[in-house]
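Here is how the chains run, residue by residue.
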Amino acid sequence: MRKILIPLLAVAILSACETAKVTSENQNGQSASKAMSKSEKAFQSAYKEIKLDDLKQNLYVIASDEMEGRDTGSPGQKKAGEYMVKFYKDLGISYPKALGSYYQKVPASFMQQRGGRNLPDSENILAFIEGSEKPDEIVVVSAHYDHVGTKNGIVYNGADDDGSGTVAVMEIAKAFQSAKKAGNGPKRSILFLHVTGEEHGLFGSEYYTDNPVFPLANTVVDLNIDMIGRDDPENRGKNYVYVIGSEMLSSQLKVINEAANKKTNNLALNYKYDDPNDPDRLYYRSDHYNFAKNNIPVAFFFDGIHEDYHKPTDDVEKIDFSLLQKRAQLVFTTAWEIANRPERITVDRK
């Protein structure tokens, strides 16, 4: 009997162990599935906060004649800045504690030393959402809010350049804040950076990277938005966006952005301006470049050079708000992934 009982006992024990193992694996799988489901629900809820009507409402203010073309340091630009700060205050989005306000002064002397003629003092505007798990790691979403002002009594409203990027950053901030209020805030911190002086020489972003509120070593990425509300003659009527620089410093960033695109509106991603021999040299012509030259991965989102570029006809009435919304949603989705992934993206290219 004993020779029979021992094998039977062993079988019973092994069977129990296997059952326990399968049960444990199932429970772990279910837990992971629940966590994934919660994360996906949080993303979807926040994503829906990027609304066409809100983009339109804000852009009709930012690019109105009242703002006088938002030239660097002008009363009109300051008025636009006040509107943006009120927007963030109303949402409950604060500023970096180290800065003490939403404003980072960019001195006239700094700009004049770099060819800024007789520009007055101006300001970058910074809004900030602290990360829940990795607060010292910073994801930057940027756009310039200046334009070229008024010439011969005619207001250059700059609805696309870069009113479109300005209101996109505001909506992206609203989406992240809605997730935070629901208990699903980003794991890494997000800095919403509105820079001044771009039109005169990328002065605001240069000043920020020379005088960072957060150490550049802790800055994970800059997702820069400059003109995403129109189409160019080459892509007329298409759902597309130019993405510039996304694989210059990190092989991971382009992969993340492309996955984010497939997950959302599946725009045609155009890499024409990534060509080092491109005569327009757009990689060097917007604010992301001041981050890139400090070895921080960047992606620049852009709609191309259209017929109203730097003309008084760059008005809100010509904005394709549906396309603007889709592009803003892409940037948000890319930022969401970078902010919440377990490891920060790596710099593996020079």
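Let me sum up the structure you'll find in this document. (Residues numbered from 1 in each chain as written. Predicted model: local features only at pLDDT ≥ 70, side-chain atom pairs only at ≥ 80, totals over all residues. Heavy atoms only, no water.)

1. Description of helix α7 (residues 203–210)
Thought 1: In terms of residue burial, α7 counts as a mostly covered element, since seven of its eight residues are buried.
Thought 2: Considered for burial, the residues of α7 that qualify are Phe203, Gly204, Ser205, Glu206, Tyr207, Tyr208 and Thr209.
Thought 3: Packed against the buried residues of α7 are β1 (103–106), α4 (108–112), β2 (122–129), β6 (188–195), α6 (198–201) and α9 (288–292). (Buried < 20%, exposed > 50% of the residue type's maximum accessible area, 1.4 Å probe, protein only. Helix = DSSP H or I, 4+ residues; strand = E, 2+ residues; numbered from the N terminus. Contact = heavy atoms within 4.5 Å.)

2. A closer look at the packing of helix α2 (residues 52–62) against helix α10 (residues 321–340)
Two packed helices can be described by the angle between their axes and the distance between those axes.
Thought 1: In contact at an axis separation of 9 Å, α2 and α10 are set at 105 degrees when each is read in the N-to-C sense. For the element pair α2 / α10, the angle class is roughly perpendicular. Contacts between α2 and α10 involve Leu52, Leu55, Lys56 and Leu59 on the former and, on the latter, Phe321, Ser322, Leu324 and Gln325. (Axes fitted to C-alpha atoms, helices over the stretch in contact; angles between N-to-C directions. Parallel < 35°, antiparallel > 145°, perpendicular 65-115°, else oblique.)

3. Quick look at the nonpolar core
Thought 1: Ranked by size, the top nonpolar core spans 65 residues in total, and within it Tyr88, Val141, Ile172, Phe176, Phe192, Phe301 and Phe332 carry the most contacts.
Thought 2: Among the elements that take part in this core, α10 stands out by supplying eleven residues, more than any other.
Thought 3: Once residues within four sequence positions are removed from consideration, Tyr88 is found in contact with Ile93, Tyr102, Ala127, Val169, Met170, Ala173, Phe192 and His194.
Thought 4: Grouped together as the second largest cluster of nonpolar side chains are 25 residues, Ile138, Leu191, Leu193 and Ala292 included. (Core = buried A, V, L, I, M, F, W, Y, C linked by side-chain atoms within 4.5 Å.)

4. Focus: the packing of aromatic side chains
Ring pairs (aromatic) are described by centroid distance and by the angle formed between their planes.
Thought 1: All chains considered together, the criterion is met by 20 aromatic pairs.
Thought 2: Ring geometry for Phe110 versus Tyr207: centroids 4.9 Å apart, planes at 85 degrees, classification edge-to-face. Linking Phe110 in helix α4 with Tyr207 in helix α7, this pair joins segments that are 97 residues apart in sequence.
Thought 3: For Phe110, a relative accessible area of 9% corresponds to the buried category.
Thought 4: Ring plane angle 65 degrees and centroid distance 4.9 Å describe the contact between Phe176 and Phe332, whose orientation is recorded as edge-to-face. Remark: Phe332 occurs in helix α10 and Phe176 occurs in helix α5 (residues 159–181); sequence separation between them is 156 residues. The same class applies to Phe176 and to Phe332, which are both buried.
Thought 5: An aromatic cluster is built from Phe43, Tyr47, Phe176, Phe192, Phe332 and Trp336, whose rings are joined through pairwise contacts.
Thought 6: Across from the ring centre of Tyr271, 4.0 Å away, lies the NZ or CZ of Lys254, which sits over that ring.
Thought 7: In this structure, Arg327 packs its charged tip against the face of Tyr240, placed 4.8 Å from the ring centre. (Phe/Tyr/Trp six-rings, centres within 6.5 Å; stacked < 30°, edge-to-face > 60°. Lys NZ or Arg CZ within 6 Å of the ring centre and 35° of its normal.)

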